[in-house]
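# Breakdown of the fold
Each chain, letter by letter, is given below.
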There are 2 protein chains.
Amino acid sequence: MIAVESLLNGNRLALARTLTQIENDTPEGRRILDDLFPHTGQAHLVGVTGAPGTGKSSLVNQLARYYRNPPDGSSPRRVAVVAVDPSSPFTGGAILGDRVRMRDLSGDPGVFIRSMASRGSLGGLAVATSGIVQALDAAGFEIVMIETVGAGQAEVDIARLAHTTIVVEAPGLGDDIQAIKAGILEIADILVINKADRPGVENTERALKSMLELAHPVEHSFLDQVAHHQLLSEQNLEEPGPTGEGHIWEIQLIRTVATTGAGVDELGLLIDQHRDHLKSGKGWSQREKYRLQSELESLIQAALVNRWRDSFPEERYFSTLELVVRRHVSPWQAVNLLLDGGQA
Amino acid sequence: MIAVESLLNGNRLALARTLTQIENDTPEGRRILDDLFPHTGQAHLVGVTGAPGTGKSSLVNQLARYYRNPPDGSSPRRVAVVAVDPSSPFTGGAILGDRVRMRDLSGDPGVFIRSMASRGSLGGLAVATSGIVQALDAAGFEIVMIETVGAGQAEVDIARLAHTTIVVEAPGLGDDIQAIKAGILEIADILVINKADRPGVENTERALKSMLELAHPVEHSFLDQVAHHQLLSEQNLEEPGPTGEGHIWEIQLIRTVATTGAGVDELGLLIDQHRDHLKSGKGWSQREKYRLQSELESLIQAALVNRWRDSFPEERYFSTLELVVRRHVSPWQAVNLLLDGGQA
């Protein structure tokens, strides 16, 4: 049994063990999550995403340094990094490796790094990541960065998990990247052109700016975007509505060079500004609510499937599947047979 | 009402309308899928995936030309392309655009191209794509290529949909691409190094070969891989087992230059060889069964959630969500309240 108190008191070993229980979705892990949950809701969750080759990991390292050594002399903040690698669906092992990353920060008790590999579908990765983030939040990390690789659904899941979403681009990453960006841009609060010392940075910036203008002619609102997305019901999501001119956040575009640290202080300030922006209006609580609703629905889906699976005779499931394989019934007809108890 | 006969007879307008009904998951679309389903199971489903910038689309175009103008003088095959773009989760519109692609093939009635954007989670994209592929299969296309962009869960879903999975790489795409490859390689039947006229192709090939050796020391078996993956139950998946020495497919590595067409004929031959390999053993029927089982389970999940949603008082759902937002109950506690009818 892991004592929740030791975790709340900053015991790193207890934390590491807890995260393993959560990632493996054990009964112990669920119990701890239940106990920790009242202590969550304090951390600023920052999602960092972008295509491979943009230098996201280096940028996250630099941001961690920024929080530990604030240039303005303010108090260091405790920072956790959750590195999600959706590229390894089968092996179950995160490739990035906690230990090879951020070697120079590894002795610092104010920094915690955790790598996660992708899980099966049915929101498995999002649910597991959500639990990990809750534990880090409860353990007192003021900043939790969630870093992911890729272009697709994983990024949407990050947008759901994070208060502030950073999309990282880089000059000259190939032709059809341009097509990708348009979709990814829609989840960005802050857009970073990393590797900005490389040739072509002006072209990249120009292309991004014109895409931003196309995508967001008037304003950018996270909830405008997510309102079109699947939820069990949208009705409880308040309309962004008129919150005053000062409450519209325009996507910020910034250049960085993670290898030298150029632009990182400015990026750190922008992240704080976005947090202040959210907290000054309804943005923060809207994103909190959206995130928890999204998690709740993933859990309901998983629970419904598990209950059905446990209660249904496996033999009949496979005889129905066999009818589909032989093309005697269609997949939808099979669903009706299975759920309505009709005769196959 | 769309007549299924006109679709089976090759009426393109009927086909296009059908695909729209299927993509929007209308009652009409489901009815047609039920009627079409007995006519499916003929097409060779070929998945093509890889990171942005590898030139997948050009390669798919070249393969379509290959099937329409076979170099060995055999009969042209009817070919359909489903281009899945998971990078645009919110807009619901496919960016690639059917019309700008493959202009020179567009007058050919033996070619059909359809773009799809990503849908919400819960296997939405995989389910919709599966329906589209079934309709194209029933409409008599002998080859259905499913092209997707990205690195992650979408690729696993493709592996489930396709008989033959092609992973496209290219030289010099950045540093952390190397990390990605290891995961993606596990779903490949054929590995293509496109843009093979670029510098660095030898390094890329060497890296891929050593990764292949690491990942598959003895043999490569799709079912070995998927056996570890989530399904309601694995028991009905037959073990690959000893099917004779001739039935082990080693991942084939091939260089192409899609812009010039170099290597495309060889790739086309390899794809046919993989089909023959699957059909000569149990591979083809195993993949068919796995694919249909995977689809059936996605549909069951969706149906269970829809039924619960329709039967549950929305008001109580939102009052429970509010308890979570206020941290009075944890997400898992809320699930128990919602599904077991406990008092909140």
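Just so it is clear, the structure is predicted and the values come from calculations on it, not from any experiment. (Residues numbered from 1 in each chain as written. Chains lettered and ligands numbered in written order. Predicted model: local features only at pLDDT ≥ 70, side-chain atom pairs only at ≥ 80, totals over all residues. Heavy atoms only, no water.)

A full pass over the atoms with the stated rule returns 32 salt bridges over all chains. The closest approach of N and O atoms between Asp272 of chain A and Arg77 of chain A, which form a salt bridge, is 2.9 Å. Here the residue Asp272 of chain A occupies a position in helix 10 (residues 264-280), and Arg77 of chain A occupies one in the loop between helix 4 (56-68) and strand 2 (79-85), the gap between them amounting to 195 residues. Residue Arg77 of chain A is classed as buried on the basis of its relative accessible area of 18%. A salt bridge links Arg287 of chain B to Asp189 of chain B, with the nearest nitrogen and oxygen atoms 3.0 Å apart. Of the two residues, Arg287 of chain B is situated in helix 11 (residues 283-311) and Asp189 of chain B in the loop between helix 7 (177-185) and strand 6 (190-193); the sequence distance between them amounts to 98 residues. Overall, Arg287 of chain B belongs to the buried group, its relative accessible area being 8%. By relative accessible area, Asp189 of chain B is classed as buried at 1%. Members of the salt-bridge network, linked through shared partners, are Arg77, Asp272, Arg275 and Asp276 of chain A. (Salt bridge = Lys/Arg side-chain N within 4 Å of Asp/Glu carboxyl O. Helix = DSSP H or I, 4+ residues; strand = E, 2+ residues; numbered from the N terminus. Buried < 20%, exposed > 50% of the residue type's maximum accessible area, 1.4 Å probe, protein only.)

In this section: the nonpolar core. Across soluble globular proteins, you tend to see nonpolar side chains buried next to one another. Grouped together as the largest cluster of nonpolar side chains are 43 residues, with contacts concentrated most on Ile300 of chain A together with Ile300 of chain B. Those elements that place two or more of their residues in this core are helix 11 (283-311), helix 12 (314-325) and helix 13 (331-340) of chain A together with helix 11, helix 12 (314-325) and helix 13 (331-340) of chain B. (Core = buried A, V, L, I, M, F, W, Y, C linked by side-chain atoms within 4.5 Å.)

Mapped onto the elements, Asp137 of chain B comes out in helix 5 (residues 124-138). Buried Asp137 of chain B, no salt bridge; nearest opposite-charge side chain is Arg327 of chain A, N-O distance 4.9 Å. Once residues lying within four places of it in the same chain are set aside, the contact partners of Asp137 of chain B are His39, Thr40, Gly41, Gln42, Ala43 and Val144 of chain B. (Lys, Arg positive; Asp, Glu negative; His and termini not counted. Contact = heavy atoms within 4.5 Å.)

Once that is clear, we can look at helix 12 of chain B. The first and last C-alpha atoms of helix 12 of chain B sit 16 Å apart over twelve residues, in line with the 16 Å expected at 1.5 Å per residue. The set of residues buried in helix 12 of chain B consists of Tyr317, Phe318, Thr320, Leu321, Val324 and Val325 of chain B. End-on, the buried residues of helix 12 of chain B take up no more than an arc of 160 degrees, which puts them together on one face. Buried residues along helix 12 of chain B sit in contact with helix 11 of chain A together with helix 11 and helix 13 of chain B. Immediately downstream of helix 12 of chain B, the backbone of Arg327 of chain B shows phi near 65 degrees, a positive value. (Expected span 1.5 Å × (residues − 1). Arc of directions from axis to C-beta.)

For the rest of this paragraph, the subject is the side chain of Arg114 of chain A. Residues and elements named next belong to chain A. Tracing the backbone through its elements, the reader meets Arg114 in strand 3 (residues 111-117). Taking the relative accessible area as the measure of exposure, Arg114 reaches 12% and is therefore buried. Within the local environment of Arg114, its side chain forms a polar contact with the side chain of Glu23, the two groups lying 3.4 Å apart. (Polar contact = N/O pair within 3.5 Å; in protein donor to acceptor, adjacent residues only side chain to side chain.)

Counting along an α-helix, one turn takes 3.6 residues, and residues three or four places apart therefore face a common direction. Compared with the 42 Å implied by 1.5 Å per residue over 29 residues, the 42 Å span of helix 11 of chain A between its first and last C-alpha is a close match. Judged by how many residues are buried, helix 11 of chain A sits mostly within the fold: 23 of 29 residues are covered.

This part is about the pairing of strand 1 (residues 44-50) of chain A. Residue and element names in this part refer to chain A. Within strand 1, seven of the seven residues are buried, which leaves the element mostly enclosed by the surrounding structure. Alternating positions in strand 1 separate into two faces, His44, Val46, Val48 and Gly50 on one and Leu45, Gly47 and Thr49 on the other, with burial throughout. The pairing of strand 1 with strand 4 (residues 143-148) spans five bridges and is parallel. Within the sheet, the bridge partner assigned to Gly47 lies in strand 4 and is Ile146. Bridge count between strand 1 and strand 5 (residues 164-169): five bridges; the pairing is parallel. Considered in strand 5, the bridge of Thr49 is made with Val167. (Pairing = 2+ DSSP bridges.)

At Asp25 of chain A, a position not held by glycine, the phi torsion is positive, near 55 degrees. Looking at where Asp25 of chain A falls in the secondary structure, it is placed in the loop between helix 2 (12-23) and helix 3 (27-36). Since its relative accessible area comes to 41%, Asp25 of chain A is described here as partly exposed. The backbone of Arg327 of chain B sits at a positive phi, close to 65 degrees, despite the residue not being glycine.

We now examine the packing of helix 2 (residues 12-23) of chain B against helix 3 (residues 27-36) of chain B. Residue and element names in this part refer to chain B. Contact geometry of helix 2 with helix 3 gives a least axis separation of 7 Å together with a crossing angle of 115 degrees. Here helix 2 is positioned roughly perpendicular relative to helix 3, judged by the angle of their axes. Of the two elements, helix 2 crosses helix 3, and the hand of that crossing is left-handed. Contact residues: helix 2 offers Thr18, Gln21 and Ile22, while helix 3 offers Glu28, Gly29, Ile32 and Leu33. Class assignment of the residues belonging to the contact of helix 2 with helix 3 gives a composition of three nonpolar, three polar and one charged. (Axes fitted to C-alpha atoms, helices over the stretch in contact; angles between N-to-C directions. Parallel < 35°, antiparallel > 145°, perpendicular 65-115°, else oblique. Left-handed = near helix turned anticlockwise from the far one by under 90°. Nonpolar A, V, L, I, M, F, W, Y, C, P; charged D, E, K, R; others polar.)

On to the pairing of strand 4 (residues 143-148) of chain B, then. In terms of residue burial, strand 4 of chain B counts as a mostly covered element, since six of its six residues are buried. Here strand 4 of chain B shows no split at all, with Ile143, Met145 and Glu147 of chain B on one side and Val144, Ile146 and Thr148 of chain B on the other all buried.

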